[in-house]
Amino acid sequence: MDSRDYTPLTASMVQSTRDMQLIIRTSETALDVALFNQAEDNSLILRHFGLEPDADGSVLRHLEEIIYDNPLLLGDFARVDIIVDTPVFAVVPDRVADDADLCETILDQMFPDRDDSELVVNRLPDNASVVMAVRNDLAGFFRRAFGSPQFFCHLTPLIKFYGDRRRHGNTARMFANLRPGAVDIFVFGYHTLVLANTVPFRDTADAVYYILAVRDLLSINDDADELLVSGDSDLRKVVIADLRKFIPYVMPVIFPSAMFRVGRDALNAPFDLIVLPLCES
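It should be emphasised that the depicted structure is a prediction, and the values quoted were computed from it without experimental measurement.

## A look at the nonpolar core
Phase 1: Residues Ile24, Leu31, Leu35, Phe142, Ile159, Tyr162 and Phe186 are the most contacted members of the largest nonpolar core, which totals 65 residues.
Phase 2: Looking at this core, the element that brings in the most residues is helix α4 (residues 136-146), giving six residues.
Phase 3: Setting aside its immediate chain neighbours within four residues, isoleucine 24 contacts Leu31, Asp32, Val33, Ile67, Asp81, Ile82, Ile83, Phe142 and Phe146.
Phase 4: Leu178, Val183, Ile185 and Val208 belong to the second-largest nonpolar core, a separate cluster that totals 23 residues.

Written out as C-alpha cells, the structure reads:
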C-alpha cells in the first residue's frame, strides 16, 4: 500500500516560510519536495510526485503544474535549493572547472546530443568540482518561480556527505546509494575522491554486479575495505544481503540524526535530498 501523503501543500499549513528551507529534487520521472526548519523538531513536510512527459518527452509542463497547484511551494523561503538528477555531468579538477569553455567542450564530447542548457559548477572538497548541464527551460522556470535558487547535481550532496565520513588512512572507502532504477557509487582514497558515478539498473543483481565490478577495477580489498550502503530501504536490504556473499564488511549508512529530528518522514526521502542541508557551504 502507498502510504505517502498526497495532500496539497497550502499556505495555511505553516505559520511562516521565512525561517524554512525548501529543497526540490527533479528527475525525468519524479519530483520530490522537502520543507523544514532545521532549528525546529518535526517541522519536515515531504511530498513525492510522479512526472508524466509530454509527446516530446519533456516533463516541464507537468512539473510547472505541480508547483503552481501547491501554493505553499511559492512562499518566501530562507533558502531554496534545486537538486537535478541528470546523466549530463562530469567530475573534474577545480582548475578545469575554472574554465567554462573547457567544461562546455568536455560535456559536448561526452554528451553530443544534449539539449540547450547552461553550465552549473558545484565545488567539492579536495580540489574537485561537479560540472553539469541544466536545460535552459528548466533552469528558467525555477528562477521565475523561486528567484535565485542554488542548483546541485544529485551526486554533489552525497560526495560531500560521504567525504566527511571517510576514515583516515591508506585504505579505500566505498559507498553505494540505492534508489529505484539506479545506484550511485563513490570511492575515496586517502584524502582523495577516486570515483563518483551513477549506473542505471533493472534488477538488484545488476546493482550488485556493478558494485563488485568497480571494486575489482580499482583493486579494492574485499577482505579489508568496507562498503557502506544508503538509500531505498527495500533495495538496500536485498543488495546488502547479496553483497555479503562476497564482501565481509558491508554495512548500512547510519542515518543522520540531525535530519531525523526534523521529521521521521526524512527516512522516506531521497538520500541526496535529505543530506544536502548537512553539507552546504
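Right, picking up where we left off after that structure.
## Description of the packing of aromatic side chains
Phase 1: Evaluated as defined, the whole model comprises eleven aromatic pairs.
Phase 2: For the pair phenylalanine 161 and tyrosine 162, a centre-to-centre distance of 5.9 Å together with 65° between the ring planes defines the contact as edge-to-face. The pair phenylalanine 161 / tyrosine 162 is uniform in exposure class, with both members buried.
Phase 3: Members of the aromatic cluster, connected to one another through ring pairs, are Phe161, Tyr162, Phe175, Phe186, Phe188, Phe255 and Phe271.

## A closer look at the environment of asparagine 197
Phase 1: In this fold, asparagine 197 is placed in strand β11 (residues 192-200).
Phase 2: A C-alpha to C-alpha distance of 22 Å links asparagine 197 and tyrosine 249, two positions 52 residues apart in sequence.
Phase 3: Leaving out residues up to four positions away in the same chain, asparagine 197 has contacts with Phe89, Leu155, Val183, Asp184 and Ile185.

## Focus: the sheet that holds strand β10 (residues 182-189)
Phase 1: Taken in spatial order, the five strands of this open sheet run β11-β10-β9-β12-β13, and their pairing is mixed. Each having just a single partner strand, β11 and β13 (250-252) make up the two edges of the open sheet. Neighbour-to-neighbour, the strand axes of this sheet turn through a mean angle of 20°, independent of strand direction.
Phase 2: On top of the sheet, helix α6 (residues 204-217) reaches β9 (173-179), β10, β11 and β12 (227-231); it is set at about 20° to β10, its chief contact.
Phase 3: Packed on one face of the sheet, helix α7 (residues 233-243) meets β9, β12 and β13 and runs near 160° to β12.

## Some remarks on unusual backbone geometry
Phase 1: For asparagine 42, which is not glycine, the phi dihedral falls at a positive 55°.
Phase 2: Its place among the elements puts asparagine 42 in the loop between β2 (30-36) and β3 (45-50).
Phase 3: Under the relative-accessibility criterion, asparagine 42 is labelled exposed at 61%.
Phase 4: Backbone geometry places serine 219, a non-glycine residue, at a positive phi of 55°.
Phase 5: Examined against the element boundaries, serine 219 turns out to sit in the loop between α6 and β12.

## Overview of the side chain of histidine 154
Phase 1: With respect to the helices and strands, the residue histidine 154 is situated in the loop between β8 (150-153) and α5 (156-165).
Phase 2: Here histidine 154 falls in the buried class, since its relative accessible area comes to 0%.
Phase 3: Within polar-contact distance, the side chain of histidine 154 engages the backbone nitrogen of threonine 86 at 3.5 Å.
Phase 4: Separated by 2.8 Å, the side chains of histidine 154 and threonine 198 make a polar contact.
Phase 5: If we skip the residues at most four places from it in the chain, histidine 154 touches Arg25, Ile83, Val84, Asp85, Thr86, Phe89, Arg179, Asp184, Thr198 and Asp272.

## Details of the sheet that holds β2
Phase 1: Strand order in the open sheet formed by five strands is β3-β2-β1-β4-β8, and the pairing between neighbours is mixed. A strand with exactly one partner marks an edge of an open sheet, and here the two such strands are β3 and β8. Taken pair by pair, the neighbouring strands of this sheet meet at an average axis angle of 15°, ignoring direction.
Phase 2: For strand β1 (residues 21-26) and strand β4 (residues 79-84), the ladder comprises six bridges, and the chain directions are parallel. The partner of isoleucine 23 across the bridge, within β4, is aspartate 81.

## Some points on the environment of valine 131
Phase 1: Relative to the helices and strands, valine 131 resides in strand β7 (residues 128-135).
Phase 2: For valine 131, a relative accessible area of 1% corresponds to the buried category.
Phase 3: Sequence-wise, valine 131 and aspartate 94 are 37 residues apart; in three dimensions their C-alpha atoms are separated by 10.0 Å.
Phase 4: Those residues within four positions of valine 131 in sequence are excluded, and the remaining contacts are Val88, Phe89, Ala90, Val92, Ala97, Cys103, Leu107, Leu119, Val120 and Val121.

Rules behind the numbers
- Residues numbered from 1 in each chain as written.
- Predicted model: local features only at pLDDT ≥ 70, side-chain atom pairs only at ≥ 80, totals over all residues.
- Heavy atoms only, no water.
- Core = buried A, V, L, I, M, F, W, Y, C linked by side-chain atoms within 4.5 Å.
- Buried < 20%, exposed > 50% of the residue type's maximum accessible area, 1.4 Å probe, protein only.
- Helix = DSSP H or I, 4+ residues; strand = E, 2+ residues; numbered from the N terminus.
- Contact = heavy atoms within 4.5 Å.
- Phe/Tyr/Trp six-rings, centres within 6.5 Å; stacked < 30°, edge-to-face > 60°.
- Pairing = 2+ DSSP bridges.
- Axes fitted to C-alpha atoms, helices over the stretch in contact; angles between N-to-C directions.
- Polar contact = N/O pair within 3.5 Å; in protein donor to acceptor, adjacent residues only side chain to side chain.

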